[in-house]
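Each chain, written out:
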Amino acid sequence: MTPPILLTPGPLTTSARTRQAMLMDWGSWDDRFNQLTSSVCEQLLAIINGAASHHCVPLQGSGTFAVEAAIGTLVPRNGKVLVLINGAYGKRLAKICAVLGRVFTAFETAEDEPTTAADVDRLLQADPTLTHVALIHCETSTGILNPLAAIARVVKHHGKRLIIDAMSSFGALPIDAREVPFDALIAASGKCLEGVPGMGFVFAQKHALAAAEGNCHSLAMDLFDQHRYMASTGQWRFTPPTHVVAALHEALVQYAEEGGLPARYQRYASNCQALLDGMAGLGLRSFLPAAIQAPIIVTFHAPQDPRYQFKAFYERVKAKGFILYPGKLTQVETFRVGCIGQVDASDMHAAVAAIAEALQSMHINLSSLGSPA
């Protein structure tokens, strides 16, 4: 049986070579595995040109583990965070601050409205007690792209610290640590690098990390201690996700072979355009305007037809070889289609055809799709 193609924002479809890399077992303290970890961190730092300014601190777990670790480690217990929200992951970041007992202020815009640098400038002027700003670069609940570079300049101008959740953008959308100042940038193995899930990582600014001893709420989540231990021993503090690290190392080899970030971005952009064009041809309308749509995942309005039910639609598309993603908006019914992973424009054309056939089999009139303007 041919496995389905995952058109999701991670886990996602990986290459045979990446999956093959997980067939070998590794000793967690073995020199060869330690070299593998070191190589992965070096390659990750190179993607952001960050070797001079930042440490790459890997962490077991999903991306959310790494977000919590970054907040808990780099925001002092007397700090105050401005959390910028225009989707579910911004709300999750605010919840992390609340659970950790970090004082925060939430600034929320509509799910189709980017936070602007002017917003951040006004908010920082209004509250000088703020110490950190936390931003979702690409909000995966819709695919909206927030203006990272402009916001980073404003945060620096005010002398504050920036924490970036770049979970679904890192590796495909350019971020240069020499040009975009930040204390932490957070990503994970199972997104645009096309590894498998199970490892997060935080690019922590060296001076900020050095000053973070004793901040963390958790032993396991302490990035300061994780980095100090790895720097002195070459080993992870606790049992590492060995197979995940090996898969990511192989995925990074393929990333370089493809042409690195520019080539990865171009493939995803081509995937996104093929998807948008094909779905528009069916009458399915995307939630976001093109100007703020990242080529990572696209949210579509569900058909305005009483016969449409996402679960039935999902199962029909799955039977044709594609896994979609439910919508995550609260006000309108939507579904999402990812553009990332080991897929290309021909796969997107095939997915559109599968979506059309699924809707036809549900007796949904394709000529009346979309939602009212």
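Residues numbered from 1 in each chain as written. Predicted model: local features only at pLDDT ≥ 70, side-chain atom pairs only at ≥ 80, totals over all residues. Heavy atoms only, no water.

Caption draft 1: Up close: the packing of aromatic side chains. On inspection of all chains with the given rule, the structure shows nine aromatic pairs. Here a set of aromatic residues connected by ring pairs shows up, and it is made of Phe300, Tyr308, Phe310, Phe313, Tyr314 and Phe335. (Phe/Tyr/Trp six-rings, centres within 6.5 Å; stacked < 30°, edge-to-face > 60°.)

Caption draft 2: Molecular detail of the packing of helix H11 (residues 310–319) against helix H12 (residues 345–361). Running from N to C, H11 and H12 point in directions that differ by 130°, and their axes come no closer than 9 Å. Viewed along their axes, H11 and H12 adopt a mutual orientation that is oblique. By crossing handedness, the relation of H11 to H12 is classed as right-handed. Contact with H11, carried on its side by Phe313, Arg316 and Val317, involves Ala354, Ile355, Ala358, Leu359 and Ser361 of H12 and no other residues of that element. (Axes fitted to C-alpha atoms, helices over the stretch in contact; angles between N-to-C directions. Helix = DSSP H or I, 4+ residues; strand = E, 2+ residues; numbered from the N terminus. Parallel < 35°, antiparallel > 145°, perpendicular 65-115°, else oblique. Left-handed = near helix turned anticlockwise from the far one by under 90°. Contact = heavy atoms within 4.5 Å.)

Caption draft 3: Spatial organisation of the packing of helix H5 (residues 117–126) against helix H6 (residues 148–157). At a closest axis distance of 8 Å, the pairing of H5 and H6 adopts a crossing angle of 20°. Taken together, H5 and H6 sit at an angle that is classed as roughly parallel. As H5 packs across H6, the resulting crossing turns out to be right-handed. Facing Ala117, Val120, Asp121 and Leu124 of H5, the residues of H6 in contact are Ala150, Ile151, Val154 and Val155. In the contact of H5 with H6, the residues fall into seven nonpolar, no polar and one charged. (Nonpolar A, V, L, I, M, F, W, Y, C, P; charged D, E, K, R; others polar.)

Caption draft 4: Broad picture of the nonpolar core. Among the nonpolar cores identified, the biggest contains 50 residues, and Leu44, Phe170, Phe182 and Phe203 are the most heavily contacted of them. Contact partners of Leu44, with chain neighbours within four places excluded, come to Cys56, Phe170, Leu193, Phe201, Phe203 and Leu252. (Core = buried A, V, L, I, M, F, W, Y, C linked by side-chain atoms within 4.5 Å. Buried < 20%, exposed > 50% of the residue type's maximum accessible area, 1.4 Å probe, protein only.)

Caption draft 5: Inspection of the sheet that holds strand E8 (residues 161–165) at higher detail. Taken in spatial order, the seven strands make up an open sheet running E2-E10-E9-E8-E5-E3-E4, and their pairing is mixed. The strands lining the two open edges of the sheet, one partner per strand, are strand E2 (54–60) and strand E4 (103–108). This sheet shows a mean twist of 20° between the axes of neighbouring strands, independent of strand direction. In the sheet, strand E3 (residues 80–85) pairs with strand E5 (residues 132–136) via three bridges, with the strands oriented parallel. For Val81, the partnering residue across the bridge sits in E5 and is His132. Taken strand by strand, helix H2 (residues 31–47) contacts E2 and strand E10 (199–205), and its axis lies near 125° from that of E2. Against the sheet, helix H4 (residues 88–100) touches E3, E4, E5 and E8, its axis set at about 160° to E3. (Pairing = 2+ DSSP bridges.)

Caption draft 6: Region of the structure containing the domain arrangement of the protein. If you check the domain split of the protein, you get domain 1 (16–257) and domain 2 (260–362). The C-alpha centroid of domain 2 is placed 27 Å from the C-alpha centroid of domain 1. In this assembly, 25 residues from domain 1 lie in contact with 23 residues from domain 2. With both sides pooled, the region where domain 1 packs onto domain 2 buries about 2,100 Å², and carbon together with sulfur makes up 61% of that total. Inspection of the region where domain 1 meets domain 2 yields two salt bridges. One salt bridge in this structure joins Glu194 and Arg267, with 2.9 Å as the shortest N-O distance. Inspection of the region where domain 1 meets domain 2 yields 10 residue pairs in polar contact (both at pLDDT 80 or more). Counting only elements with at least two residues in the side of domain 1 that touches domain 2, the list comes to H4, strand E7 (144–145) and helix H9 (242–258). Per-element tally for the side of domain 1 that touches domain 2: the top contributor is H9, with three residues. Grouping the constituent residues of the side of domain 1 that touches domain 2 by class yields 14 nonpolar, seven polar and four charged. (Domains from an automatic or database assignment. Buried area = accessible area lost by both parts, 1.4 Å probe. Salt bridge = Lys/Arg side-chain N within 4 Å of Asp/Glu carboxyl O. Polar contact = N/O pair within 3.5 Å; in protein donor to acceptor, adjacent residues only side chain to side chain.)

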